[in-house]
Amino acid sequence: MQRAAKIVQETPGVKHTVNIVGFSGATFTSAPNAGAMFIVLDPFEDRARDPKQSVGALQGTLMQKLSSIEDAFLIVVQPPPVNGIGNAGGFRMMVEDRGGAGPQALQQAVGAMMAKAAQTAGVTQVFSLFETSTPQLYLDIDRTKAQLLGVNVSDVFSALQVYLGSAYVNDFNLFG
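Caption draft 1: Here's a closer look at the overall build of the protein chain. Per the secondary structure count, the protein chain includes 6 helices and 2 strands. Ordered by position from the N terminus, the helices and strands of the protein chain form the series α-β-β-α-α-α-α-α. Within the protein chain, the fraction of its 176 residues that count as buried is 17%. Long-range pairs, those at least 24 residues apart, make up 41% of the contacts in the protein chain with a sequence separation of at least 6. Surface summary for the protein chain: the accessible area is close to 13700 Å², and the carbon and sulfur share equals 56%.

Shown next, in the form of structure tokens:
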């Protein structure tokens, strides 16, 4: 987020940014591997003289500049023309691994589906929240040793929870 904010803030036409680490703007959920950035542009009167500082041109410029950050998935979405009436939407597709080919094969299928959808007229900014490159850890906790050292096993898990991503469980809420 710091690298992205620096790139955005150095772009002519951008006044400042508001960064929220741990919040997914796509799903509106908390996630330790997500973030959202809200970009405030210079006043329209100041940007109107330069076509490179129109909202559409800035969107393209920022997408190009942010693509240099290879270890993150970043998209730039224009604000709606009328407050409260969004300009993002469309459709959702589900890809299932019915053959049991595994996560890497599923990631390739998702990539192929996104590439094909992006070639469709009128469809832009196709993305997926499915990602197999998110690091995963397996910890083999020696519960007997912890107890012999006078450390409650629940304290071990609480410490891990705090330092490895808070209390994130999944992207589903109670009511779907």
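Further notes follow.
Caption draft 2: Region of the structure containing helix H1 (residues 2-9). Of the residues making up H1, those classed as buried are Ala4, Ala5, Ile7 and Val8. Considered in projection along H1, the buried side chains sweep an arc of 160° and stay on one side of the axis. Residues of H1 that are buried make contact with strand E1 (14-24), strand E2 (29-41) and helix H3 (55-66).

Caption draft 3: Spotlight on the nonpolar core. Formed by Ala4, Ile7, Val8, Val14, Leu62, Leu66, Ile69 and Val76, the largest nonpolar core amounts to 8 residues. Per-element tally for this core: the top contributor is H1, with 3 residues. Ignoring anything within four residues of it in the chain, the contact list for Ile69 reads Arg3, Ala4, Ile7 and Leu74.

Caption draft 4: How the structure looks around the pairing of E2. Here 9 bridges tie E1 to E2, and the two strands are oriented antiparallel to one another. Looking at the pairing, Val18 lines up with Phe38 of E2. Following E1, the chain reverses through 4 residues before pairing antiparallel with E2; Phe28 in that reversal takes a positive phi of roughly 55°.

Caption draft 5: A look at the confidence of the model for the protein chain. Chain-level statistics for the protein chain give a pLDDT mean of 83 and a share of 86% at 70 or above. Predicted confidence in the protein chain is weakest over E2, with a mean pLDDT of 83, and strongest over helix H5 (residues 143-148), with 93.

Caption draft 6: Layout of the pattern of salt bridges. Throughout the structure, instances matching the rule amount to 3 salt bridges. For Asp46, the salt bridge identified is with Arg49, shortest N-O distance 3.8 Å. A relative accessible area of 42% means that Asp46 is categorised as partly exposed. When its relative accessible area of 68% is taken as the criterion, Arg49 is described as exposed. Ionic pairing is found between Arg98 and Glu96, a salt bridge with its closest N-O pair at 2.7 Å.

Caption draft 7: Molecular detail of H3. Taking 1.5 Å per residue, 12 residues should reach 16 Å; H3 reaches 16 Å between its end C-alpha atoms and fits that length. Of the positions making up H3, those classed as buried are Leu58, Gln59, Leu62 and Leu66. All buried residues of H3 project into a common sector of 105° when viewed along the axis, lining one side. For H3, the secondary structure elements touched by its buried residues are H1, E2 and helix H2 (44-47).

Caption draft 8: A look at the environment of Pro103. Looking at where Pro103 falls in the secondary structure, it is placed in helix H4 (residues 103-118). Residues Pro103 and Thr132 lie 29 residues apart in sequence; the distance between their C-alpha atoms is 6.5 Å. Aside from chain neighbours lying at most four places away, what touches Pro103 is Phe130 and Thr132.

Caption draft 9: Region of the structure containing the environment of Phe157. Relative to the helices and strands, Phe157 resides in helix H6 (residues 153-163). With a relative accessible area of 38%, Phe157 lands in the partly exposed category. For the pair Phe157 and Ile141, spaced 16 residues apart in sequence, the C-alpha to C-alpha distance is 9.2 Å. Contact partners of Phe157, with chain neighbours within four places excluded, come to Ile141 and Arg143.

Cut-offs used in this document
- Residues numbered from 1 in each chain as written.
- Predicted model: local features only at pLDDT ≥ 70, side-chain atom pairs only at ≥ 80, totals over all residues.
- Heavy atoms only, no water.
- Helix = DSSP H or I, 4+ residues; strand = E, 2+ residues; numbered from the N terminus.
- Buried < 20%, exposed > 50% of the residue type's maximum accessible area, 1.4 Å probe, protein only.
- Contact = heavy atoms within 4.5 Å.
- Areas by Shrake-Rupley, 256 points an atom, 1.4 Å probe, with all protein chains shown as cover.
- Arc of directions from axis to C-beta.
- Core = buried A, V, L, I, M, F, W, Y, C linked by side-chain atoms within 4.5 Å.
- Pairing = 2+ DSSP bridges.
- pLDDT = per-residue confidence, 0-100.
- Salt bridge = Lys/Arg side-chain N within 4 Å of Asp/Glu carboxyl O.
- Expected span 1.5 Å × (residues − 1).

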